[in-house]
Amino acid sequence: RGPSARRCGRRGGAARAETATAPAAPFPPRPLGAGDTLHFLHIPKTAGRSVRVVLEEHFDFGQQFPGVVLPQLVARPPSEVRQWRLFCGHYGKYLHTLLGFEPTVITFLRDPIARSISHYRDLKTRENSWLYEYVNTHTFDEFVFDEMMSSELINLQCRFLALDDIDADHYG
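Residues numbered from 1 in each chain as written. Predicted model: local features only at pLDDT ≥ 70, side-chain atom pairs only at ≥ 80, totals over all residues. Heavy atoms only, no water.

A few words now on the sheet that holds strand β4 (residues 86-89). In a beta sheet, neighbouring strands are held together by backbone hydrogen bonds and run either parallel or antiparallel to one another. In spatial order, the strands read β4-β3-β5; together these three strands make up an open sheet with parallel pairing. The sheet is open, and its two borders are formed by β4 and β5 (104-106), each paired with just one other strand. Going across the sheet, the axis of each strand differs from the next one's by a mean of 15°, ignoring polarity. Note: strand β3 (residues 38-41) against β5, three bridges, orientation parallel. Considered in β5, the bridge of His39 is made with Val105. Those strands touched by helix α1 (residues 48-56) are β3, β4 and β5, and its axis lies near 165° from that of β3. (Pairing = 2+ DSSP bridges. Helix = DSSP H or I, 4+ residues; strand = E, 2+ residues; numbered from the N terminus. Axes fitted to C-alpha atoms, helices over the stretch in contact; angles between N-to-C directions. Contact = heavy atoms within 4.5 Å.)

Structurally, Gln157 is set in helix α9 (residues 156-162). Judged by relative accessible area, Gln157 falls into the buried class, the value being 12%. Dropping the residues within four chain positions of it, Gln157 is found in contact with Ile43, Thr46, Leu109, Arg110, Pro112 and Arg115. (Buried < 20%, exposed > 50% of the residue type's maximum accessible area, 1.4 Å probe, protein only.)

Honestly, that's just the spatial picture; any functional story needs more than this.
Here it is, written out as structure tokens:
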């Protein structure tokens with residue numbers, strides 16, 4: 001039912017039409033100000049490239065951080081990191097620690113099983129991945145239930161959203 005869906009109920013024997021209204025959005029839209037920083041907190045295999053392309057159209061090239069993986073981010077001094085306004089990558093909340101403030105954050109979540117299947121299939125094509133040989137010699141079930149793979153799968157989306165101490169939390 002949409003915002004204007006009607007229901008008929010019976011109270012006291014008389015039919016009465018009620019209008020159902022859509023719940024208010026929990027977070028109202030907020031346009032970015034000229035100096036605001038946007039962090040697309042990209043969790044692997046959750047629509048990253050598609051979203052990044054759209055976001056990059058709205059920022060000048062010089063405002064976009066050029067790296068997409070954590071080692072590219074931590075290799076820069078925090079003073080240099082603070083000069084960019086758009087960050088699209090696999091940084092988790094570590095970016096916020098480097099910036100020293102909370103940027104505006106957007107992210108996408110995916111069904112964990114579908115995300116894991118997609119991750120496994122993607123790894124099978126990445127010859128430069130440390131897991132390439134493993135995934136090409138093990139079934140998906142073996143991959144999922146192997147303790148060595150826990151950093152790749154177990155609560156990955158939660159870890160990206162919550163962990164912010166690179167020395168204590170980063171697995172590889």
